[in-house]
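Breakdown of the fold
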Amino acid sequence: MGKTIIQDKLNRPLKDLRISVIDRCNFRCQYCMPADQFGPDFEFLPRSALLTYEEIERVAKIFVKLGIEKIRLTGGEPLLRKDLPSLVAKLASVEGLKDLALTTNGVLLKKLAGQLKSSGLKRVNVSLDTLNDKLFGKINGRGVGTGPVLDGIAAAQQAGLGVKINMVVKKGLNDGEIISMAEYCKTNGIELRYIEYMDVGSTNGWKMDDVVTKKQIFSILKDRFELEPVNTGYYGEVAKLYRYKDTDINVGFISSVSESFCSSCTRARLSANGQIFTCLFNGIGHDIRNFMRNGATDEQLEERITSIWNARIDRYSDERTAETNKNRKKIEMSYIGG
Ligand code: SAM
Ligand code: SF4
Ligand code: SF4
């Protein structure tokens, strides 16, 4: 299948795609879906609103034709979607796709890691913000300890999946866990990615003061470890990577707030109900679900996705100020999946 490279108005190619398969979650992380905002009465999407696996596969093939090389499945919690391995199998066989990954809170990984691997998944990023059970229970809003997540990580490693850990660092909450998380990941040969707390959505009460910057985290780390920079040479790589000296274990930083990377942002996002977002901070997306359900042909879908990308001018993080954060209507992270 021939590939077309399409570019946006700032000359950024379309290279990777995040697909949210579900907006629900079994956690209520306070920086993502705070329990007081996502209570028992919160209305999640009905099943009929979600893209079917056949629809996701169809859109994915068109995205790959338009230059996408990497797909990451996310959510909400993607492992809550029924029979996710069957979607993985469909996507893994899309010709031209080079990388297929998943971001998860890890709770259901123990059960599913083997099936995901045999269906063609390559890698998982597991979110874990502390090793302290009590603090973890407070962060996830459900009182769940770290046990199920650590078991999930071990199961993923055993199944032969690549494993990385994502840690969102929030001031006064888990910034005391920076070293213990590094020690754990280094000992277990896992790449840890420290993520700056972001102003996604409008429910997490984000304040600039709550952000622990890459520079601050790095200075804590370098007092304990000798680190050397790693150049991946991959255009569109969002993490700044370092390696613990004399090892092959990396540690990364996703500095979306303090050192934004909009100029090389090559990522599109597809929400669980079939809307394309060209930036994590968009308020509304571009519908393709109804377009497909109303009979659009593959050519028409290709044209629509191309024109959405060609018109893209997003660079929210480059332009972020306290005012832009306050005044902008933004989609929730749990809805389009980080
Ligand atoms: N439920 C899965 C999980 O937690 O890994 C996948 C979806 S979650 C929205 C994707 C990623 O976004 C997770 O690594 C999570 O830690 C991160 N995230 C959520 N809210 C965030 C925020 N306000 N700032 C930075 N990262 C955030
Ligand atoms: Fe759920 Fe992931 Fe959001 Fe936590 S970060 S509430 S696990 S979607
Ligand atoms: Fe990409 Fe938008 Fe994030 Fe900038 S703010 S890096 S354009 S998703």
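Below is a short write-up of the structure. Because the structure is a prediction, the values reported are computed rather than measured.

A closer look at the site of ligand 2
- With respect to spatial proximity, the complete set of residues near ligand 2 consists of Cys25, Phe27, Cys29, Cys32, Met33, Gly76 and Asn105.
- Its residues placed into classes, the shell around ligand 2 shows five nonpolar, two polar and no charged.

Observations concerning helix H2 (residues 84–92)
- Restricting attention to buried positions, one finds in H2 the residues Leu84, Pro85, Leu87, Val88 and Leu91. When H2 is viewed along its axis, its buried side chains cluster within an angular range of 155° and face the same direction.
- Where H2 is buried, its residues contact helix H1 (53–65), strand E2 (70–74), strand E3 (99–104) and helix H3 (109–119).

Some points on the environment of Arg315
- Its location among the elements puts Arg315 in the loop between helix H9 (298–310) and helix H10 (316–319).
- Spatially, the C-alpha atom of Arg315 lies 9.5 Å from that of Leu10, the residues being 305 residues apart in sequence.
- If sequence neighbours within four positions are ignored, Arg315 has contacts with Leu10 and Cys262.
- Separated by 3.0 Å, the side chains of Arg315 and Glu319 make a polar contact.

Side note on the sheet that holds strand E5 (residues 162–169)
- Reading across from one edge, E7-E8-E9-E6-E5-E4-E3-E2-E1-E10-E11-E12 is the order of the twelve strands in this open sheet, with mixed pairing throughout. Each edge of the sheet is formed by a strand with only one pairing partner; in this case those strands are strand E7 (227–230) and strand E12 (286–287).
- The sheet contact formed by strand E11 (residues 275–277) and E12 spans two bridges and is antiparallel. By the bridge assignment for E12, Gln275 is matched with Asp287.
- Running at roughly 155° to strand E9 (residues 250–254), helix H7 (residues 214–222) makes contact with E5, strand E6 (191–196), E7, strand E8 (240–244) and E9 of the sheet.

The rules behind these values
Residues numbered from 1 in each chain as written. Chains lettered and ligands numbered in written order. Predicted model: local features only at pLDDT ≥ 70, side-chain atom pairs only at ≥ 80, totals over all residues. Heavy atoms only, no water. Near = heavy atom within 4 Å. Nonpolar A, V, L, I, M, F, W, Y, C, P; charged D, E, K, R; others polar. Buried < 20%, exposed > 50% of the residue type's maximum accessible area, 1.4 Å probe, protein only. Helix = DSSP H or I, 4+ residues; strand = E, 2+ residues; numbered from the N terminus. Arc of directions from axis to C-beta. Contact = heavy atoms within 4.5 Å. Polar contact = N/O pair within 3.5 Å; in protein donor to acceptor, adjacent residues only side chain to side chain. Pairing = 2+ DSSP bridges. Axes fitted to C-alpha atoms, helices over the stretch in contact; angles between N-to-C directions.

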